[in-house]
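This is what each chain is made of:
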Amino acid sequence: MEKIKVLVVGYGNVGRGVLLSLANQADMEVVGIASRSVERVKKSVKDIPVVDINKPEEFLALKPDVAILCGGSKNDLPQQGPEMVKYLNTVDSFDNHSCIPQYHAAMDAAAKAAKHVAVISTGWDPGIFSLERTLANAFLPGARSYGFYGCSPAGGLSMGHSDALRTIKGVADARQFTHAVPEAIEKVRNGENPEFAAGDMHTRECFVVLEPGADAAAIEAEIKAMPGYFAPYKTTVNFVSQEELNSKYTGFPHDGCVVAASTTGKGNQAAVEFRCTWGSNPEATANVLVAHARAAVRMNKAGDCGAKTILDIPPKMLSPLSYEELLKKFM
Ligand SMILES: NC(=O)c1ccc[n+]([C@@H]2O[C@H](COP(=O)([O-])OP(=O)(O)OC[C@H]3O[C@@H](n4cnc5c(N)ncnc54)[C@H](OP(=O)(O)O)[C@@H]3O)[C@@H](O)[C@H]2O)c1
């Protein structure tokens, strides 16, 4: 069996996760990493070619079938996505939900012009949860689907909110954990289809390391008043030492669920629920990206091109198993 050859584009948390995931795939292999910071990446990676993202002749010489784009959604992917898909099939985890229609249009045009497949916005949300929301909506007419994050006792690490805390003057380091409100989940499970304000569904827990001499009370007030990020939520602020932050609140744990409930027939309760729990959010996201890279190559070999989301992809394309095996094992 000829292995699917993968180029990893961008070496951060997700990029590292993609390398770990590829090491576990019998039908796929990494052929190189393309990065803007070749010297930085070469210091951490010894046995894989590292090439300049701006030199297509270098990464095309590695003969990849697909590029997994691991750059950031805010600034990297809107530029790197349309550029890379000129050369290769691509997969990315663009997660700026409100901009997905525009990103889809840009990637679709570029992918069709090059006759490549571009799987966009996959991962867990957007990604797996988008599929679950779509299925719940189709199978339970009238049900609204809700996403809850941080359902486990430790909650889920929000990188965006942690970054926001670190922008505050006097904060040396910080991490923010999101918690789902259990009573809100129960309301949805009961089929109430409630109208929630943002602060009704989640609370926010902050662990903050202060710079020497910083005013704790003023920083706590500033955090709680931060519009969008913390003001709409019940927020608790815990001041900890750098040692405590490093030892107790490390890693990238996250989890969440999609819940939808309604009635069928003559008023019988019906609910759909789907849960993910990740010890490492970027590693889990990477696994989803890798499965989609398999699908992108297979779809392109079958003559397909253009931008695709998880909603366009038959599940059998994602699986390393043959269709016969899938019929036996999972049907
Ligand atoms: N859909 C989902 O469910 C989902 C879930 C999680 C994350 N995501 C998305 O995945 C994106 C990537 O997340 P991430 O955690 O991997 O971001 P990250 O660690 O900040 O990496 C993003 C890019 O920054 C560069 N970089 C990383 N570390 C660097 C360093 N020390 N110095 C200089 N440059 C560095 C790398 O590009 P170069 O190698 O080119 O320098 C890398 O590709 C996020 O923006 C998010 O949108 C999506």
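Attention here is on the structure that accompanies the text. Residue indices follow the written sequence of each chain, beginning from 1 at its first position. Residues qualify for local features only when their pLDDT is at least 70, as the model is predicted, and side-chain atom pairs are given and counted only at 80 or more; totals for whole chains, interfaces and linings, by contrast, use all residues. Excluded from the side-chain calculations are hydrogens and water; all other atoms, namely the structure's heavy atoms, are used.

### Thoughts on the site of the ligand
Of all residues adjacent to the ligand, which total 24 residues, the nearest are Val14, Ser35, Ser37, Ser73 and Asp95. Counting of polar contacts relies on pairs of N or O atoms within 3.5 Å, with two restrictions inside protein: one atom must be capable of donating a hydrogen and the other of accepting it, and residues adjacent in sequence are counted only when both atoms are side-chain atoms. One of the backbone nitrogen or oxygen atoms of tyrosine 11 is found 2.9 Å away from an oxygen atom of the ligand. At 2.8 Å from an oxygen atom of the ligand is found a side-chain nitrogen or oxygen belonging to aspartate 95. Alone, the ligand offers 910 Å² of accessible surface; in the complex the protein occludes 73% of this. The method works on a 1 Å grid over the protein atoms by themselves. A cavity is a set of points holding a 1.4 Å probe that cannot get out, a pocket is an open set with protein on both sides within 12 Å along at least five of seven lines, and residues with an atom within 4 Å of a point line them. A molecule is counted as occupying a cavity or pocket when more than half of its atoms fall within 2 Å of that pocket's grid points. Judged by the fraction of its atoms near the pocket grid, the ligand is located in the largest pocket. Of all elements in the fold, only α1 (13-22) and α12 (281-301) reach the threshold of two or more residues within the shell around the ligand. Each residue belonging to the shell around the ligand can be placed in one class, and the counts come to six nonpolar, 13 polar and five charged. Near is defined per residue: the residue qualifies when any heavy atom it owns lies within 4 Å of the molecule or strand. Accessibility throughout is a Shrake-Rupley quantity obtained with a 1.4 Å probe, and a residue counts as covered only by protein chains that appear here. Put simply, DSSP H or I for four residues or longer makes a helix, DSSP E for two residues or longer makes a strand, and each gets a number counted from the N terminus. Under the scheme applied, nonpolar residues are Ala, Val, Leu, Ile, Met, Phe, Trp, Tyr, Cys and Pro; charged residues are Asp, Glu, Lys and Arg; polar residues are all the others, including Gly.

### A look at the pairing of strand β1 (residues 4-9)
Burial here depends on accessible area, computed with a 1.4 Å probe over protein chains only, as a share of the maximum for the residue type. Under 20% is buried, over 50% is exposed, and the range in between is partly exposed. Counting buried residues in β1 gives five out of six residues, a clear majority hidden from the surface. Strand pairing requires that DSSP identify at least two bridges connecting the strands. Two elements, β1 and strand β2 (residues 28-35), share six bridges in a ladder whose sense is parallel. Among the inter-strand pairings, valine 8 is bridged to a residue of β2, identified as isoleucine 33. Look down the strands so they point away from you; if going from the first strand over the helix to the second traces a clockwise path, that crossover is right-handed. Where the polypeptide runs from β1 across α1 and back to β2, its parallel neighbour, the crossover connection is right-handed. Taken together, the four bridges between β1 and strand β4 (residues 66-69) define a ladder with parallel strand orientation. The residue bridging leucine 7 from the neighbouring strand is alanine 67, located in β4.

### Some words on the layout of surface pockets
Grid points are joined across faces, edges and corners, and a volume is the space filled by probe spheres set on the points. Its boundaries defined by the atoms lining it, the largest pocket holds a volume of some 1,800 Å³. For the largest pocket, the lining is made up of 47 residues, of which Asp95, Asp125, Met159, Gly160 and Asn281 are closest to its centre. Every element with two or more residues in the lining of the largest pocket is listed here: α1, β7 (145-149), α7 (159-166), α9 (198-201), β10 (202-210) and α12. Among the elements that make up the lining of the largest pocket, the one with the highest residue count is α7 (five residues). Grouping the amino acids of the lining of the largest pocket by side-chain chemistry returns 15 nonpolar, 23 polar and nine charged. Where each domain starts and ends follows an automatic or database-derived domain assignment. Both domains that meet at the lining of the largest pocket, namely domain 1 (4-126 + 282-330) and domain 2 (128-279), each give it at least three residues. In this structure, the second largest pocket occupies an estimated 290 Å³ of space. Around the second largest pocket, the lining residues are Ile128, Leu131, Glu132, Phe274, Asn287, Val288, Ala291, His292, Ile310, Ile313, Pro315 and Leu318. Going through the elements one at a time, α6 (128-139), α12 and α13 (315-318) are the ones with two or more residues in the lining of the second largest pocket. With four residues, the single largest contributor to the lining of the second largest pocket is α12. Both domains that meet at the lining of the second largest pocket, namely domain 1 (4-126 + 282-330) and domain 2 (128-279), each give it at least three residues.

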